[in-house]
Amino acid sequence: MSRYVTTPIFYVNAAPHLGHAYTVIASDVLARHWRQRGEDVFFLTGTDEHGEPVALAAEKLGVTPQALADQNAARFQTLGPRLNASEDFFIRTSDPRHVQRVQEVLERVKANGYVEKGTYEGWYCPRCADFKTESEVAEGNRCPIHKIELTREQEDNWFFKLSAFQERLEQLFADRPDFVMPPRSANEAKAFIERGLHDVSLSRSKLRWGVPVPWDTDQVVYVWWDALLNYVTALAFAEEGNDQTDTYWPATFHVIGKDILKFHAIYWPALLMAAGLEVPDHILVHGFLLMKDASGEETKMSKSLGNVLDPFEIIDKYGADALRFYLLREVSFGQDGGVSVDGFVTRYESELANDFGNLASRSVSMVHRYRDGVVKSTSVDPEIAAIIDPLAATVAEQIDAGAPSAALETIWTGVRRLNQYVEEQAPWAIAKDPERADELDTVLTTLIDGVRVVALLLYPYLPASTAALLQTLNPGSEADFSYDAAKLRGEFGFAIDKLEPMFPKAI
Ligand code: MSP
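Residues numbered from 1 in each chain as written. Predicted model: local features only at pLDDT ≥ 70, side-chain atom pairs only at ≥ 80, totals over all residues. Heavy atoms only, no water.

(A) Region of the structure containing the sheet that holds strand β7 (residues 151–160). Judged by pairing direction, the sheet is antiparallel, and its four strands sit side by side in the order β6-β5-β7-β9 without closing on themselves. Two strands in the sheet have a free side with no partner beyond their single neighbour: β6 (130–132) and β9 (200–201). Two strands pair when backbone bridges link them, and β7 and β9 are joined in this way by two bridges, in the antiparallel orientation. In the sheet register, Phe 159 faces β9, and the bridge partner there is Ser 201. Sheet strands in contact with helix α10 (residues 261–275) are β6, β7 and β9, and its direction is about 105 degrees off that of β6. (Pairing = 2+ DSSP bridges. Helix = DSSP H or I, 4+ residues; strand = E, 2+ residues; numbered from the N terminus. Contact = heavy atoms within 4.5 Å. Axes fitted to C-alpha atoms, helices over the stretch in contact; angles between N-to-C directions.)

(B) Fine view of the state of the cysteines. Inspection of every chain in the model, using the stated rule, returns zero disulfides. You can see Cys 143 has no disulfide; the closest cysteine sulfur is in Cys 125, sitting 3.8 Å from it. (Disulfide = S-S within 2.5 Å.)

(C) Geometry of unusual backbone geometry. Between Met 181 and Pro 182 the backbone carries a cis peptide bond, its omega angle lying at -5 degrees. Of the consecutive residues Trp 249 and Pro 250, the connecting peptide bond is found in the cis state with omega at 0 degrees. Even without being glycine, Asp 372 reaches a positive phi, approximately 50 degrees. Classification of Asp 372 as exposed rests on a relative accessible area of 68%. (Buried < 20%, exposed > 50% of the residue type's maximum accessible area, 1.4 Å probe, protein only.)

(D) Main features of the domain arrangement of the chain. On domain assignment, one finds that the chain holds domain 1 (2–286) and domain 2 (341–495). Placing a centre on the C-alpha atoms of domain 1 and another on those of domain 2 gives a separation of 42 Å. Across the boundary between the two partners, domain 1 contributes twelve residues, which contact 16 residues of domain 2. Approximately 1300 Å² of surface area, both sides summed, lies buried where domain 1 meets domain 2, with 63% of it carried by carbon and sulfur atoms. Scanning the region where domain 1 abuts domain 2 turns up two salt bridges. One salt bridge in this structure joins Arg 37 and Asp 400, with 3.0 Å as the shortest N-O distance. Our count for the contact surface shared by domain 1 and domain 2 stands at six residue pairs in polar contact (both at pLDDT 80 or more). With six residues, helix α1 (residues 18–36) is the largest single contributor of residues to the side of domain 1 that touches domain 2. Counted by class, the side of domain 1 that touches domain 2 contains six nonpolar, three polar and three charged residues. (Domains from an automatic or database assignment. Buried area = accessible area lost by both parts, 1.4 Å probe. Salt bridge = Lys/Arg side-chain N within 4 Å of Asp/Glu carboxyl O. Polar contact = N/O pair within 3.5 Å; in protein donor to acceptor, adjacent residues only side chain to side chain. Nonpolar A, V, L, I, M, F, W, Y, C, P; charged D, E, K, R; others polar.)

(E) Local environment of helix α15 (residues 391–400). Taken together, the buried positions of α15 are occupied by Leu 391, Ala 392, Val 395, Ala 396, Gln 398 and Ile 399. For α15, the arc enclosing every buried residue in end-on projection is 165 degrees, short of the 170-degree limit, so these residues lie on one face. The inward-facing, buried residues of α15 abut α1, β13 (253–257), α14 (382–388), α16 (404–425) and α18 (437–458). (Arc of directions from axis to C-beta.)

(F) Examining the sheet that holds strand β11 (residues 212–213) more closely. Taking strand neighbours across the sheet as the criterion, the three strands line up as β10-β12-β11 in an open arrangement whose pairing is antiparallel. At either end of the open sheet lies a strand with only one pairing partner, and these are β10 (203–204) and β11. Across two bridges, β10 lies against strand β12 (residues 216–221) in antiparallel orientation. Looking across to β12, one finds that Ser 203 is bridged to Val 221.

(G) Quick peek at the pattern of salt bridges. Applying the stated criterion across every chain yields a total of 36 salt bridges. A salt bridge links Glu 240 to Arg 97; the shortest N-O distance between them is 3.9 Å. Highlighted residues: Glu 240 in the loop between α8 (230–237) and α9 (245–248) and Arg 97 in helix α4 (residues 96–111), separated in sequence by 143 residues. Ionic contacts of the salt-bridge type, sharing partners, join the residues Arg 329, Glu 330, Arg 347, Glu 351, Glu 409 and Arg 416 into one network.

(H) Quick peek at the packing of α15 against α16. Put simply, α15 and α16 touch, their axes get as near as 8 Å, and they point 170 degrees apart. On the basis of their axis angle, the class for α15 and α16 is roughly antiparallel. Crossing hand, α15 versus α16: right-handed. For the pair α15 and α16, contact is made by Leu 391, Thr 394, Val 395, Gln 398 and Ile 399 and by Pro 404, Ala 406, Ala 407, Thr 410, Ile 411, Thr 413 and Gly 414, respectively. Tallied by class, the residues present in the contact of α15 with α16 amount to seven nonpolar, five polar and no charged. (Parallel < 35°, antiparallel > 145°, perpendicular 65-115°, else oblique. Left-handed = near helix turned anticlockwise from the far one by under 90°.)

(I) Molecular detail of the environment of Leu 488. Tracing the sequence through the fold places Leu 488 in the loop between α19 (463–472) and β19 (494–495). A relative accessible area of 10% means that Leu 488 is categorised as buried. In sequence terms Leu 488 and Ala 431 are 57 residues apart; their C-alpha atoms lie 23 Å from each other.

(J) Examining the nonpolar core more closely. Counting residues in hydrophobic clusters, the biggest one holds 95 residues, and the most contacted among them are Val 5, Leu 327, Leu 328, Val 339, Phe 356, Tyr 461 and Leu 469. Considering each element in turn, this core owes the most residues, twelve residues, to α18. In this structure, this core is formed jointly by two domains, domain 1 (2–286) and domain 2 (341–495), each of which donates at least three residues. Apart from residues lying up to four places away in sequence, Leu 327 is in contact with Leu 18, Tyr 22, Ile 25, Leu 289 and Val 339. Ranked by size, the runner-up nonpolar core spans 69 residues in total, among them Ala 129, Phe 165, Leu 172 and Phe 192. (Core = buried A, V, L, I, M, F, W, Y, C linked by side-chain atoms within 4.5 Å.)

(K) View of helix α5 (residues 166–175). Turning to α5, its buried residues are Gln 166, Leu 169, Leu 172 and Phe 173. Down the axis of α5, the smallest arc covering the buried residues is 130 degrees, so these residues share one side. Along α5, exposed side chains directed more than 90 degrees from the buried face belong to Glu 167, Ala 174 and Asp 175. The elements touched by buried residues of α5 are β8 (180–181), α6 (183–194) and α10.

(L) Expanded view of the pairing of strand β14 (residues 282–286). The buried fraction of β14 is high, at five of five residues. Where burial is concerned, the two faces of β14 agree: the one with His 282, Leu 284 and His 286 and the one with Ile 283 and Val 285 are both buried. Examined bridge by bridge, β8 and β14 share two bridges and lie parallel to one another. The residue bridging Met 181 from the neighbouring strand is Leu 284, located in β14.

Structure representation (C-alpha cells):
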C-alpha cells in the first residue's frame, strides 16, 4: 500500500521555531511507522516562498525576494535533518518546475469554467495572507490569530468560483466524516461551509513576487493556491524523470496546524475538484503549542508574539529524540498544549531517562551481571506476552487514525508494565538461588525481549536511541526494525552488548 504524508510548507520570512518542528515531527512519526509496516511511503515538506511578507522583507533589506527566499529556505532545509526527520523531498515554491505546474493546473481550472474576473473589497491579514470573511474578523477589525489590525483591500482580481462547490463540499463532509480529523476540526469546517461559500481571489494585482497568472501576466497567483498546489506538483518532479503522481496521489494525510484549516479543508478540495483531481484522504489537524508570554499568559508560540523556544538549542543539548518525544507526549495531538523548559526537563528525566532508559539499562546490565551477557532462548512469561504482544496492533490502529500521542501512550503502558515486572520478579533475589536458574533465564529473556519490542514500537518517535538499543540487543547482525518483529519470541541464544547510558542528565 502506498501512503503520502505532507507537512505544511513554511513561510520563509521567519526562522524555524518549535511550532514548525512539531508539525514535522508528527508527520515523520507517521511516515516512519508506515515504513516499518512495509508500506511504500512518500513524505514531503518544503517552503512557501511567494507573497507579500517575503516581498516586503526583501524590499526592506534591499535584496531581491528570490535572494531572501534562498537564504531563508536554507534554514528550513536544515530543520528536517536536525530533527532526524525522514522526508523524501523538500519542495520550494519558487522552483520553476512548481511554477510551471501551478500555471498548468490553473489553466485547467479556468478551462473548466471556475475562474472569472471581479473586484475584491474586504478585510485582509497580510500575516495569514488571508482574505477574511466578516465572521472571521475579531473585534476592532483585527486578525483573530495575529491580533494585528486588518487592512481594507480593494483590487481587481481573478476569482475562483468557490461558491460553485457549496453542495459538493457539503456532500464530501457528509460522505466522509473522517475527511478532516479530529471531529472538532471537521465541525469547524462544516460550520464555515454552512454559513455559505463566497468566491475567493485567485490572483493579486498589487504584487509582483509570485507565479504569473498564465492568461494575465500583470497579476500573480494568490499565494495560498500556489502553496496548496505544492502537494501535487512535487510528486511530478521530486524524482528526475519519474512522475510519481499516480503512485502517491491522493495524499493519505495532510498534517496541518489548526490556523490553516480553512485553506486545507475547504479551498483545497474545491480547487482539486475544479481541476478534475482527486481530493486527499485526510486532513489531520493539530493544535497550537502554547507558551507563557511576558505577562504570564499562555498564548500561541509565535515569533511575532516573542514567546518561542528554539528547537535547535534543545536539540544541541538533549538530542532530537528527546524533543520529538517531549512534544508528542506533552501536547496531546489535536489539542493545544503548554510547553516549557521546566516541563521538558521533567519529562526527560522522569519518562525518558527513568521509565524507558533505566528499564533498558537495568535489563541489559542484569544479563551481564548474572549471565555474562548471554540471553538464553527460552519461553517467555505468558502474562507479559499477553500485555506486550497486542500493543503493535493497537498502535497501528491509532497511527492510522492520526493519533500519534495516543499511540505513544499505548506503548508507554508496555514500558510501565515491564518496569513493574522487574520489581515483581526481583531478579537479583532469584539470582541468589542456583536452583532457580531457569526461572531467572525466563525473567531475563522476557525482559530483554519486552525491551526489544517496546523499542521497536518507539522507533518512529525515538529513531536514534532505539536504533542504538536494538543494535545492542542484536550485536551480531542488522537490527530488525520491521513491524512483524514486534512480538515476544524468546529467540536469543547469543551475547548482547553493554548499553551506553541512553538519556544522560544534561550538564
Ligand atoms: N505557509 C503556510 C502553509 C501553507 S501549506 C500549503 C503557513 N506557514 S507557517 O510557516 O506560518 O506555518 C506552518 C505550520 O506551522 C502551520 O501548520 C502552523 O499551524 C504551524 N505552527 C506555527 N506556529 C505554531 C504553534 N505555536 N504551534 C503549533 N503549530 C504552529 O502557515
